[in-house]
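Topology and contacts: notes
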Amino acid sequence: MPEQPEQPENPVHPVHPVHPVHTHPSSLRPLVVQIAAAILALLGLLALATGITHLAAIPGVINRFKVRAVLEGVSMENVSNLSNGLKGTLIGYGLVYFVVALVLFALAWGVWQGNRLARILTWVVCGLGIILACCGLSSAASLGTHNVTLQGNDPEMTQAAQALVDSFPGWWAGLTGVSSVAQALGYIATAVLLALPAANAFFHRDRPAAIPPATTPPPVSPPTNA
């Protein structure tokens, strides 16, 4: 009887090569996107510092206003009402700046991650930020001149408004002006950077498709001779 050839105990199956995932060149974060995200983060820090400044200045500004208003002959009722209004305004501005800081931090993270919605929202925020920065420059100019012009013929309210303007510290107008200019430049730079071709390719990059796992063919039984 002819001898049967010995069959290997563990049949060897062909190994299918695994194809590596090819990274699209535009999936790498370009420098313009990194700079835009960094500027947004810095603008967030600036907004946070501005909000803290508004809240920290409340006691000193209110006290100086009360003294100046009384010396100018403003009635105590108007002094009390204007003091409460000034306090509420400063608190409101401080809280708004805190919210703006949180929004800017969130947008910076979204831009860093390449989120398309964050890019669109950043352009909207940049447009609003430029408008608010221009308003800040106008306010700084008014505080810097220390001149108040009100419509009407009420001398007491004119004196109260002048006392209110004079109650802010001397550095307030300069700080507000510098901060407004920095914000405007930062928003303009961010909007331009996110519109460059490198940023456009990054936000419209193709996501790498998932490669299905390789399947192992079922083992083949060795042939048998009857």
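Not measured: the values here are computed from a predicted model.

**Overview of the overall build of the protein**
Assigned secondary structure in the protein consists of seven helices and zero strands. Along the protein, helices (α) and strands (β) appear in the sequence α-α-α-α-α-α-α when read from the amino end. Expressed as a percentage of the 226 residues in the protein, the buried residues total 29%. In the protein, the proportion of contacts linking residues at least 24 apart, taken out of those at least 6 apart, comes to 84%. When the accessible surface of the protein is totalled, it reaches about 14,600 Å², and 67% of it is carbon and sulfur.

**Re the packing of helix α3 (residues 76-113) against helix α5 (residues 155-166)**
As a packed pair, α3 and α5 sit with axes 11 Å apart at the nearest point and diverge in direction by 40°. Considering the angle they form, α3 stands oblique to α5. α5 is crossed by α3, and the crossing has right-handed handedness. Counting all contacts with α3, which are made through Asn78, Leu82 and Leu86, the residues of α5 involved are Glu156, Met157, Ala160 and Leu164. By residue class, the composition of the contact of α3 with α5 is five nonpolar, one polar and one charged.

**Concerning the state of the cysteines**
Disulfides are covalent bonds that link the sulfur atoms of two cysteine residues. Counting across every chain of the model gives zero disulfides. Cysteine 135 forms no disulfide, and the closest cysteine sulfur to it belongs to cysteine 134, at a distance of 7.0 Å.

**Some words on the packing of aromatic side chains**
Within the structure shown, the criterion is met by three aromatic pairs. Judged by centre distance (5.4 Å) and plane angle (80°), the rings of phenylalanine 202 and phenylalanine 203 are edge-to-face. Members of the aromatic cluster, joined through ring pairs, are Phe168, Trp171 and Trp172.

**Focus: the nonpolar core**
With 18 residues, the main nonpolar core has Val33, Leu40, Val111 and Phe203 as its most contacted residues. For this core, the leading source of residues is helix α1 (residues 31-56), giving seven residues. Beyond its immediate chain neighbours, meaning those up to four positions away, phenylalanine 203 contacts Val33, Val111, Gly114, Asn115, Arg116, Arg119 and Leu194. Counting 17 residues, the second-largest nonpolar core is a separate cluster that includes Ile62, Ala160, Phe168 and Ala173.

**A word on the side chain of serine 167**
In this structure, serine 167 sits in the loop between α5 and α6 (170-194). The exposure class assigned to serine 167 is buried, which follows from its relative accessible area of 0%. Here alanine 163 takes part through its backbone oxygen, which lies 2.6 Å from a polar atom of the side chain of serine 167.

**Thoughts on the environment of asparagine 84**
When you line up the elements, asparagine 84 lands in helix α3. A relative accessible area of 51% places asparagine 84 in the exposed class. Separated by 22 residues in the primary sequence, asparagine 84 and isoleucine 62 place their C-alpha atoms 8.7 Å from one another.

**Section: the confidence of the model for the protein**
Across the protein, pLDDT averages 80, with 74% of residues at or above 70. Averaged over each element, pLDDT in the protein is lowest for α5 (80) and highest for α1 (94). Segment residues 18-26 is flagged for pLDDT under 50; beyond a separation of four residues in sequence, or across chains, it makes eight contacts in the model.

Cut-off values and rules
Residues numbered from 1 in each chain as written. Predicted model: local features only at pLDDT ≥ 70, side-chain atom pairs only at ≥ 80, totals over all residues. Heavy atoms only, no water. Helix = DSSP H or I, 4+ residues; strand = E, 2+ residues; numbered from the N terminus. Buried < 20%, exposed > 50% of the residue type's maximum accessible area, 1.4 Å probe, protein only. Contact = heavy atoms within 4.5 Å. Areas by Shrake-Rupley, 256 points an atom, 1.4 Å probe, with all protein chains shown as cover. Axes fitted to C-alpha atoms, helices over the stretch in contact; angles between N-to-C directions. Parallel < 35°, antiparallel > 145°, perpendicular 65-115°, else oblique. Left-handed = near helix turned anticlockwise from the far one by under 90°. Nonpolar A, V, L, I, M, F, W, Y, C, P; charged D, E, K, R; others polar. Disulfide = S-S within 2.5 Å. Phe/Tyr/Trp six-rings, centres within 6.5 Å; stacked < 30°, edge-to-face > 60°. Core = buried A, V, L, I, M, F, W, Y, C linked by side-chain atoms within 4.5 Å. Polar contact = N/O pair within 3.5 Å; in protein donor to acceptor, adjacent residues only side chain to side chain. pLDDT = per-residue confidence, 0-100.

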